[in-house]
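Residue-level structure breakdown
The chain contents come next:
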Amino acid sequence: MAGYIAVRASWRGWIPGLVGLALLLSGAGCAAGSADNYEEVGLGRQAYQQNCAVCHGVRGEGQPGWQIKGPDGRYPPPPHDSTGHTWHHSDGLLFRIVKKGGASLNIPGFQSGMPAFEQRLSDEEIRAVINYLKTFWGLRSRSFSPGPALMTLFLKEQALRFLPLVRPGGLR
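Throughout what follows, the structure given in this document is the object of discussion. Being a predicted model, the structure only gives us computed values, none of them experimental.

This brings us to the overall build of the protein. The helix and strand tally for the protein stands at seven helices and two strands. In the protein, the order of α-helices and β-strands from amino to carboxyl end is α-α-α-α-α-α-α-β-β. The 172 residues of the protein split such that 30% are buried. Pairs at least 24 residues apart make up 59% of the contacts formed inside the protein by residues separated by at least 6 positions. Accessible area of the protein: about 11,100 Å², with a carbon and sulfur share of 60%.

If you want it as structure tokens, here you go:
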């Protein structure tokens, strides 16, 4: 067994990774939930109708020409059903966009008209809105989630960084 596990000598090197791993596994700041939770979806529907429907439509249909930049350099609000792109994004990214606004993405050359709702909606309401949006998606779109794949990649990177298994042939 000797030589199979290399452990870092300093605990200080482990602390940031362990904290990040704990936050990731706890789901802190993410919108983990289900479109099948009727109570949460009801809260999300109410918050959506009061805050989002004016731009994105009562049924999440978005604005016409949402894929074409307007004269102001911004794209119109997209639909939230399966014809849009909302379902391509992780719950965590959607949470960030709703809470901090589209400008928080910091994409060069991209101007977003999506305002931040952190002063109007609680974290619970934002999560509920995201889960309400999922009711607009078809079953195929609802089953798509980039979250688990990204979490697996993160866990592998952290495992290699903090607890690499080293054998005589090298890192495995």
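Here the focus is unusual backbone geometry. With a phi close to 55°, Asn106 is a non-glycine residue in the positive phi region. For Asn106, a relative accessible area of 64% puts it in the exposed group.

This structure, assessed with the given rule, holds four aromatic pairs. Relative to Tyr132, the ring of Tyr48 has its centre 5.5 Å away and its plane inclined at 55°; by these criteria the two rings are tilted. With Tyr48 in helix α2 (residues 38-51) and Tyr132 in helix α5 (residues 123-133), this residue pair connects regions lying 84 residues apart in the sequence. Clustering of aromatic rings is evident, with ring pairs tying together Tyr48, Tyr132 and Phe136.

What follows concerns the nonpolar core. Membership of the largest hydrophobic core comes to 18 residues, with the highest contact counts inside it found for Tyr48, Leu121, Ile126, Val129 and Phe136. Elements with a minimum of two residues in this core: α2, α4 (91-100) and α5. Counting residues per element, this core draws most heavily on α5, at five residues. Apart from the residues within four sequence positions on either side, Val129 is in contact with Gly44, Ala47, Tyr48 and Cys52.

A few words on the packing of α4 against α5. As a packed pair, α4 and α5 sit with axes 10 Å apart at the nearest point and diverge in direction by 125°. The pairing of α4 with α5 is recorded here as oblique in orientation. The two elements α4 and α5 meet at a crossing, and its hand is right-handed. Counting all contacts with α4, which are made through Asp91, Leu94, Phe95, Val98 and Lys99, the residues of α5 involved are Asp123, Ile126, Arg127 and Ile130. By residue class, the composition of the contact of α4 with α5 is five nonpolar, no polar and four charged.

Below, the discussion takes up the pattern of salt bridges. Where charged atoms from two side chains of opposite charge come close, those side chains can pair. Overall, the coordinates contain three salt bridges when judged by the stated rule. The partner of Asp123 in a salt bridge is Lys99, with the nearest N and O atoms 2.7 Å apart. With Asp123 in helix α5 and Lys99 in helix α4, this residue pair connects regions lying 24 residues apart in the sequence. Under the relative-accessibility criterion, Asp123 is labelled partly exposed at 30%. In this structure, the salt-bridge partner of Glu118 is Lys100, at a minimum N-O distance of 2.9 Å. Taken together, the positions of Glu118 in the loop between α4 and α5 and Lys100 in helix α4 put the pair 18 residues apart, joining distant regions of the chain.

Cut-offs applied
Residues numbered from 1 in each chain as written. Predicted model: local features only at pLDDT ≥ 70, side-chain atom pairs only at ≥ 80, totals over all residues. Heavy atoms only, no water. Helix = DSSP H or I, 4+ residues; strand = E, 2+ residues; numbered from the N terminus. Buried < 20%, exposed > 50% of the residue type's maximum accessible area, 1.4 Å probe, protein only. Contact = heavy atoms within 4.5 Å. Areas by Shrake-Rupley, 256 points an atom, 1.4 Å probe, with all protein chains shown as cover. Phe/Tyr/Trp six-rings, centres within 6.5 Å; stacked < 30°, edge-to-face > 60°. Core = buried A, V, L, I, M, F, W, Y, C linked by side-chain atoms within 4.5 Å. Axes fitted to C-alpha atoms, helices over the stretch in contact; angles between N-to-C directions. Parallel < 35°, antiparallel > 145°, perpendicular 65-115°, else oblique. Left-handed = near helix turned anticlockwise from the far one by under 90°. Nonpolar A, V, L, I, M, F, W, Y, C, P; charged D, E, K, R; others polar. Salt bridge = Lys/Arg side-chain N within 4 Å of Asp/Glu carboxyl O.

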